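What follows is each chain in one-letter form.
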Amino acid sequence: MLRGAYVSLQDLVELSESSSPRVRSRKSKNLFSGERISVQRGRGVDFDEVRLYQPGDDVRNIDWKVTARKQIPHTKVYTEEKERPTLIVVDQTMSMFLGSANRLKSVAAAEIAARIAWRTLAERDRVGGVVLADDRIDVVKPYRNGTAVVRVLNAIVGANTELNVSRVNSNSKQSKSEAWRKLLLRIRRVASAHHRIFIVSDFASVEFSAIEDLLSRGRHHEMQAIHVYDEIERTLPPANYYNVTNGVSQLMFHSGRRSLRDEYSARFADRTNQLRVVCINNNVSFTSVSTDDELDSFNFH
């Protein structure tokens, strides 16, 4: 587990060994595993079966030996193996600059993205990335080499190390919603259709309409939303007086009131459930990850 408030390029590069699959199946049925078997059949890589010839079959696939032996036309059927480029969308905006124990959400998101990138490259698929920062969007087009992965990781580190409480402003919610709409346009340009897209974010401080617009791309791609959260967002700390600040203003509260604790937890659960429902409605896989989770054996699929 990467810890702390920031990550370095070395941190993310060193994840390459632990993120590579130990056993790689050429014919994986995992939705996000790379080099998968297409549901389409045709002149492809792997022979599948011999069956009776059907009108419309390619005559070049007729198995003449079986046809001669059985006196009925038979054809060879092939399973076509198809590659789909992978695009990793990583949120490194100020709402991710939060953590209560081992690390910040921004660091957890960086680790998740790095693990996905290295695993995808090990499976011989192309890897690219889109990094959402507070003031820009960095895009790395998918390529099948380590240089592309390092470029993605560099963009993540660049945005991550710029995070600072001094960047907080009162219009952050509006600006992040606008940034998400710009993000959608960037994704459309770099991934027109049939990509694998991972979105790693807390999905916070952004209007749900903007989230729905982005997740609607799940109808054109294989998409997974990875929701990153910190335990302090789900449950208030033990009963006591606390001072909290967002870098601009301060608030003191007592966390012992039962109604406050219940309302706080319910609000988090409701928003998480909303996000899950939006994903289901748009054919997007959903995973929720805490900043406390160890990711060595975590299966992003």
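Residues numbered from 1 in each chain as written. Predicted model: local features only at pLDDT ≥ 70, side-chain atom pairs only at ≥ 80, totals over all residues. Heavy atoms only, no water.

> Outline the overall build of the chain, supporting the account with residue identities and numerical values.
Helix and strand counts for the chain come out as nine helices and ten strands. Looking at the 301 residues of the chain, the share that counts as buried comes to 45%. Here the analysis covers contacts within the chain between residues at least 6 apart in sequence; of these, 74% occur between residues at least 24 apart. Summed over all atoms, the accessible surface of the chain reaches about 15,600 Å², with 49% contributed by carbon and sulfur. (Helix = DSSP H or I, 4+ residues; strand = E, 2+ residues; numbered from the N terminus. Buried < 20%, exposed > 50% of the residue type's maximum accessible area, 1.4 Å probe, protein only. Contact = heavy atoms within 4.5 Å. Areas by Shrake-Rupley, 256 points an atom, 1.4 Å probe, with all protein chains shown as cover.)

> Describe in detail the environment of R234, supporting the description with residues and values.
Tracing the sequence through the fold places R234 in helix α8 (residues 231–234). For R234 and R261, which are 27 residues apart along the polypeptide, the C-alpha to C-alpha distance reads 9.6 Å. With residues up to four places along the chain from it excluded, the contact list for R234 reads Y229, Y264, S265 and F268. A distance of 2.9 Å separates the side chain of R234 from the side chain of E231, its partner in a polar contact. (Polar contact = N/O pair within 3.5 Å; in protein donor to acceptor, adjacent residues only side chain to side chain.)

> Now, about the nonpolar core: what can you tell me, with residues and values included?
Nonpolar side chains tend to gather and get buried jointly when the protein is soluble and globular. Counting 36 residues, the largest nonpolar core has L12, I112, I156, I226 and F300 as its most contacted members. Where this core is concerned, the elements lending two or more residues are β3 (86–91), α4 (105–122), β4 (127–132), α5 (146–161), β6 (196–201) and β7 (222–229). Of the residues forming this core, the biggest block, eleven residues, is contributed by α4. With sequence-adjacent residues up to four places away left out, I112 is seen in contact with V200, I226, V228, V289, L295 and F300. Membership of the second largest hydrophobic core comes to 28 residues, among which are W180, I197, L214 and M223. (Core = buried A, V, L, I, M, F, W, Y, C linked by side-chain atoms within 4.5 Å.)

> So what about the environment of L236? Which residues, and what values?
Structurally, L236 can be placed in the loop between α8 and β8 (241–245). Along the sequence, L236 and D262 sit 26 residues apart, while their C-alpha atoms lie 9.2 Å from each other. The contacts of L236, once residues within four sequence positions are left out, are F253, S255, L260, R261 and Y264.

> Tell me about helix α7 (residues 208–215), and name the residues and values.
For α7, every residue scored as buried is listed here: F208, A210, I211, L214 and L215. Down the axis of α7, the buried side of the element spans an arc of 155°, and every buried residue falls inside it. (Arc of directions from axis to C-beta.)

> Tell me what's going on with the sheet that holds strand β5 (residues 137–143), and back it up with residues and numbers.
The mixed open sheet is built from six strands, whose spatial order is β5-β4-β3-β6-β7-β10. Because the sheet does not close on itself, it has two edges, and the strands there are β5 and β10 (284–290). Recorded for the sheet is a direction-independent mean angle of 15° between the axes of neighbouring strands. Alignment of β3 against β6, held across five bridges, turns out to be parallel. (Pairing = 2+ DSSP bridges. Axes fitted to C-alpha atoms, helices over the stretch in contact; angles between N-to-C directions.)

> Go over the packing of aromatic side chains, please, and point to the residues and values.
If you walk through the whole model with that rule in mind, you get four aromatic pairs. Their ring planes at 40° and their centres at 5.9 Å tell us that Y6 and F97 sit as a pair that is tilted. Here the residue Y6 occupies a position in the segment before α1 (9–13), and F97 occupies one in the loop between β3 and α4, the gap between them amounting to 91 residues. Accessibility expressed as a relative area gives 36% for Y6, which makes it partly exposed. A ring pair is formed by Y229 and F268, whose centres lie 5.3 Å apart and whose planes are at 55°; its orientation type is tilted. Of the two residues, Y229 is situated in strand β7 and F268 in helix α9 (residues 258–281); the sequence distance between them amounts to 39 residues. Owing to a relative accessible area of 10%, Y229 belongs among the buried residues under this scheme. The exposure class of F268 is buried, given its relative accessible area of 15%. (Phe/Tyr/Trp six-rings, centres within 6.5 Å; stacked < 30°, edge-to-face > 60°.)

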